[in-house]
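So the chains spell out like this:
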Amino acid sequence: IAEAGVRRTTASGRLRRAGLGITHHTGTFDRLDGVGTEEGATSYYLVVDQHLERQSGPVRTSGSTIDGFLQLAYTDDQLSPVDLHAGAGIVWNGFLFGRNADSFGLMGTYVHFGDAARRAGAFVESHELAWELFYRFEVTPWLHLKPDLQYIVHPGGVGNSDAFVGTLRVELTL
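Small disclaimer: the values here were computed from a predicted structure and weren't measured.

Moving on: the pairing of strand β9 (residues 163–172). Summarising burial for β9: 0 of the 10 residues are buried, a small minority. In terms of strand pairing, strand β8 (residues 143–153) meets β9 through 10 bridges, oriented antiparallel. Bridge pairing links K146 to R169 in β9.

Rendered as structure tokens:
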């Protein structure tokens with residue numbers, strides 16, 4: 001895995017980070033088109049993180065921030081069932097007045113199932129799309145609860161009905 005990137009703070013105090021990366025696996029892989037094997041598999045990715053907004057003072061809670069991210073990844077569809085991934089999200093820290101340790105977030109992610117994998121019968125759908133909404137709140141400095149809702153279109157790409165999932169994560173800091 002190798003990544004090159006930049007990280008800087010703008011004049012307004014907003015942090016930006018962008019990275020371009022490459023991964024390479026040296027193993028032997030069966031080709032999804034059924035034409036033998038291939039030595040090594042390479043993929044590429046781009047990540048961008050940005051502080052979108054920073055507010056303090058009486059209008060908002062001190063230290064309130066809004067952060068966003070983008071992700072994009074690509075690999076050879078002859079070697080991987082998923083050839084494209086795109087994701088984006090936003091997290092608002094200090095969302096409610098007086099709740100500086102709380103976070104509210106919304107994320108979307110898209111994966112494309114490669115043509116070779118679909119031709120081989122691994123998938124009946126061309127993609128999966130997931131939306132996620134969460135609120136992480138501090139009960140005590142050592143206990144956080146994070147209810148999470150997800151809506152998934154074409155889960156697994158195998159013809160299942162769309163799914164609605166709810167979870168509750170309990171985080172303990174010891």
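Here the narrative resumes.
Our focus in this paragraph is a nonpolar patch on the surface. A cluster of nonpolar side chains, L52, I90, L106, W131, L133, L149, Y151 and F164, forms an exposed patch at the surface whose accessible area comes to about 740 Å². Counting only elements with at least two residues in the nonpolar patch, the list comes to β7 (127–140) and β8. Here F164 lies in strand β9.

With that out of the way, let us pick up unusual backbone geometry. The phi dihedral of H154 falls on the positive side, at around 60°, and the residue is not glycine. You can see H154 is positioned in the loop between β8 and β9. In this structure H154 comes out as buried when scored by relative accessible area, which is 19%.

This part is about the packing of aromatic side chains. Aromatic ring pairs: the centre-centre distance and the angle between the two ring planes describe each pair. The full count for this structure, using the stated rule, is 5 aromatic pairs. Between F95 and F104, the aromatic rings sit 4.8 Å apart at their centres with planes inclined by 25°, giving stacked as the arrangement. For F95, a relative accessible area of 26% puts it in the partly exposed group. Here the aromatic residues W92, F95, F104, Y135 and F137 are joined through ring pairs into a cluster of three or more. Sitting over the ring of F134, K146 keeps its end group 4.4 Å from the ring centre.

About the cut-offs
Residues numbered from 1 in each chain as written. Predicted model: local features only at pLDDT ≥ 70, side-chain atom pairs only at ≥ 80, totals over all residues. Heavy atoms only, no water. Buried < 20%, exposed > 50% of the residue type's maximum accessible area, 1.4 Å probe, protein only. Helix = DSSP H or I, 4+ residues; strand = E, 2+ residues; numbered from the N terminus. Pairing = 2+ DSSP bridges. Patch = residues over 30% accessible without salt bridge, like charges linked within 9 Å, V, L, I, M, F, W, Y side chains within 5 Å. Areas by Shrake-Rupley, 256 points an atom, 1.4 Å probe, with all protein chains shown as cover. Salt bridge = Lys/Arg side-chain N within 4 Å of Asp/Glu carboxyl O. Phe/Tyr/Trp six-rings, centres within 6.5 Å; stacked < 30°, edge-to-face > 60°. Lys NZ or Arg CZ within 6 Å of the ring centre and 35° of its normal.

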